[in-house]
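# Structural characterization, general
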Amino acid sequence: MKNKIDEIDERIIYCLRKNGRITMKELGDMVHLSGQAAKNRVEKLEDIGVLQKYTINIDCPVFGFKIHALIRLQMEKSNLSNYEKKLKNDRYRMIHCYQVTGEQCYVFDMAFLEIEDLHGFLKDIEEVGRCEVNLVLKNMQDFED
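In this report, the structure presented in the accompanying data block is examined.

This next bit is on helix H3 (residues 35-47). For H3, with 13 residues, the first-to-last C-alpha span of 18 Å sits near the 18 Å given by 1.5 Å per residue. Listing the buried residues of H3 in full gives Ala38, Arg41, Val42 and Leu45. Looking down the long axis of H3, one finds its buried residues gathered within 100° of arc, a one-sided arrangement. Considering only its buried residues, H3 is in contact with helix H1 (7-18) and helix H2 (24-31). Immediately downstream of H3, the backbone of glycine 49 shows phi near 90°, a positive value.

With 14 residues, the main nonpolar core has Ile71, Leu73, Phe108, Met110, Phe112 and Phe121 as its most contacted residues. Residue assignment for this core shows that the elements contributing at least two residues are strand S1 (67-75), strand S3 (105-112) and helix H5 (115-125). If one sorts the elements of this core by residue count, S1 sits on top with five residues. In contact with methionine 110, other than residues within four places in its own chain, are Ile67, His68, Ala69, Ile71, Tyr92, Arg93, Met94, Ile95 and Phe121. Of all hydrophobic cores here, the second largest spans 11 residues; its members include Cys15, Ile22, Ala38 and Leu51.

Spatially, four strands are ordered S2-S3-S1-S4 in an open sheet, and the strand pairing comes out antiparallel. The two strands at the open ends of the sheet, each matched to only one other strand, are strand S2 (92-100) and strand S4 (129-135). Each adjacent strand pair in this sheet contributes to an overall mean axis angle of 20°, direction not counted. Two strands pair when backbone bridges link them, and S1 and S4 are joined in this way by seven bridges, in the antiparallel orientation. Bridge assignment links leucine 70 to a residue of S4, and that residue is asparagine 134.

Definitions and limits used
Residues numbered from 1 in each chain as written. Predicted model: local features only at pLDDT ≥ 70, side-chain atom pairs only at ≥ 80, totals over all residues. Heavy atoms only, no water. Helix = DSSP H or I, 4+ residues; strand = E, 2+ residues; numbered from the N terminus. Expected span 1.5 Å × (residues − 1). Buried < 20%, exposed > 50% of the residue type's maximum accessible area, 1.4 Å probe, protein only. Arc of directions from axis to C-beta. Contact = heavy atoms within 4.5 Å. Core = buried A, V, L, I, M, F, W, Y, C linked by side-chain atoms within 4.5 Å. Pairing = 2+ DSSP bridges. Axes fitted to C-alpha atoms, helices over the stretch in contact; angles between N-to-C directions.

And the structure:
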């Protein structure tokens, strides 16, 4: 895979990570290509699966979600699919869910309207397994700058 990506592709990826809404002309100017050449490169990166989707980052506090938590769930019973409805609620938002190495472990990146909503979520999910919670104190910027 690495040999299919050159230095220009890496600069394109960097630019799109910073701002996925730029025009192909702007992107081309940033990487010293024409707009059409930049578009062709982006399409190639999409075709080989490097660029998979375009998304946004939501500033949770501005959006009304005051509590940002990383929750590690070590399951003791059943599987997570039985509890998917509990993961969808108007009082909290699942930002990311990762299945990670370890004994049936998941890591949830979640936002909650109030601390009480976090407590309610933990109470709902405690029947699945043991949780470890870390509150996010500060959102650090990308380290690529």
